[in-house]
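# Topology and contacts: notes
These are the residues of each chain, in order.
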Amino acid sequence: MSRRVVGVTLDNLEHLSKHSRTCVFWELAPHLKEQAEEFGDTEFEKEAWVSSVLLEWGSCGRIIHCDGIPAGSVFYAPPAAVPRSLAFPTSPASPDAVLMTGLEVLPEFRGGGLGRVLVQTVAKDLTRRGVKAIEAFGDNQPPDDGRSCVTPADFLLQVGFKTVRPHPRWPRLRLELRSASSWKEDVEAALERLLDSVTVSTAEPSFRPG
């Protein structure tokens, strides 16, 4: 099975599932979400949010394809761009973190590690951008059908997140990211150790005339 992950743009929003394309749980404050759902404007609101974040901050989502078929997606943004985050009892998110919001893998593709791939792709993108950590609000009681806009807390723990603020239903979790500078320091230290060992092992024996 071939896998390909692409960034979310205004041109490929149609590749999102109907659920992901219309879910504005994170993108709107609760009262505005209710209004959008009542008047049927959720797709428009989702597109407007993506457009705004792309313009002001940059890439904010990923879509994963399996054998050319859209199989799942994930969104992420600075806490200030995620109004719903303030409604959680474990808010606010840490100011040095980016929030991972909606993550979805379609039912027919679950169990194959695609969710982990999406998280790893987000981590790689944000590490490159100098972000220190990803945070997410988890759900300790996700619905059986998996159709939720909040990521199950158990999944987040499985892919490396740690709980930073516990709650019976809505814990806040965090995944630390290694900065580009720390990667550079590790590489330089490894090269230094390697050169030291090479110097020792190739040192010429001192010449003593007989």
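Keep in mind it's a predicted model, so treat the numbers as computed, not measured.

On a plain count of helices and strands, the chain comes out with 6 helices and 8 strands. The N-to-C order of helical and strand elements in the chain reads β-α-α-α-β-β-β-α-β-β-α-β-β-α. Classification of the 210 residues of the chain by burial places 43% in the buried group. Contacts in the chain between residues at least 24 apart in sequence constitute 68% of all its contacts with a sequence separation of at least 6. Split by element, the accessible area of the chain, about 12,000 Å² in all, is 55% carbon and sulfur.

With that out of the way, let us pick up the state of the cysteines. Applying the stated rule across the entire model yields 1 disulfide. Bridging Cys-23 to Cys-149, the disulfide has an S-S length of 2.0 Å. Here Cys-23, found in the loop between helix H1 (18–22) and helix H2 (30–39), pairs with Cys-149, found in the loop between strand E5 (133–139) and strand E6 (151–152); they are 126 residues apart in sequence, far enough to count as distant. Judged on exposure class, the residue Cys-23 and its partner Cys-149 are both buried.

Extensive coverage of E5 is indicated by the burial of 7 of its 7 residues. The two faces of E5 match: Ala-133, Glu-135, Phe-137 and Asp-139 on one face and Ile-134, Ala-136 and Gly-138 on the other face are all buried. Alignment of strand E4 (residues 97–105) against E5, held across 3 bridges, turns out to be parallel. Of the residues in E5, the one forming a bridge with Val-98 is Ile-134. Bridge count between E5 and strand E8 (residues 172–176): 5 bridges; the pairing is antiparallel. Looking across to E8, one finds that Glu-135 is bridged to Arg-174.

What follows deals with unusual backbone geometry. At the junction of Ser-91 and Pro-92, the peptide bond is cis and its omega measures out at 5° in the coordinates. By secondary structure assignment, the location of Pro-92 is in the loop between strand E3 (69–77) and E4. For Asp-67, which is not glycine, the phi torsion reads 50° and is therefore positive.

A few words now on the environment of His-15. Relative to the helices and strands, His-15 resides in the loop between strand E1 (3–7) and H1. When its relative accessible area of 35% is taken as the criterion, His-15 is described as partly exposed. In this structure, the C-alpha to C-alpha distance between His-15 and Ile-63, residues 48 residues apart in sequence, is 7.9 Å. Sequence-distant contacts of His-15, defined by excluding residues within four places in its chain, comprise Ile-63, His-65 and Pro-70.

Here strand E7 (residues 162–165) pairs with E8 via 3 bridges, running antiparallel. Each bridged residue has a counterpart across the sheet, and for Lys-162 the counterpart in E8 is Arg-174.

Here the focus is the side chain of Arg-62. When you line up the elements, Arg-62 lands in strand E2 (residues 61–66). For Arg-62, a relative accessible area of 12% translates into the label buried. Of note is the side chain of Arg-62, whose polar atom sits 3.2 Å from the side chain of Tyr-76.

On to the packing of aromatic side chains, then. A complete count under the given rule lists 8 aromatic pairs for this structure. Aromatic side chains Phe-25 and Phe-88 sit 6.3 Å apart centroid to centroid with 75° between the ring planes, which places their arrangement in the edge-to-face category. Taken together, the residues span a long stretch of sequence, with Phe-25 in the loop between H1 and H2 and Phe-88 in the loop between E3 and E4 at a distance of 63 residues. Each ring, one from Trp-26 and one from Phe-137, has its centre 6.3 Å from the other, and the planes form 20°; the classification is stacked. Placement of Trp-26 in the loop between H1 and H2 and of Phe-137 in strand E5 is noted, with a sequence separation of 111 residues between them. For Trp-26, a relative accessible area of 3% translates into the label buried. Put simply, the rings of Phe-25, Trp-26, Phe-88, Phe-137 and Trp-170 touch in pairs and so form one group of aromatic residues. For the cation-ring pair, Lys-46 lies above Phe-75, with the distance from its terminal atom to the ring centre recorded as 4.4 Å.

Conventions we followed
Residues numbered from 1 in each chain as written. Predicted model: local features only at pLDDT ≥ 70, side-chain atom pairs only at ≥ 80, totals over all residues. Heavy atoms only, no water. Helix = DSSP H or I, 4+ residues; strand = E, 2+ residues; numbered from the N terminus. Buried < 20%, exposed > 50% of the residue type's maximum accessible area, 1.4 Å probe, protein only. Contact = heavy atoms within 4.5 Å. Areas by Shrake-Rupley, 256 points an atom, 1.4 Å probe, with all protein chains shown as cover. Disulfide = S-S within 2.5 Å. Pairing = 2+ DSSP bridges. Polar contact = N/O pair within 3.5 Å; in protein donor to acceptor, adjacent residues only side chain to side chain. Phe/Tyr/Trp six-rings, centres within 6.5 Å; stacked < 30°, edge-to-face > 60°. Lys NZ or Arg CZ within 6 Å of the ring centre and 35° of its normal.

Nothing here speaks to function; it is all geometry.
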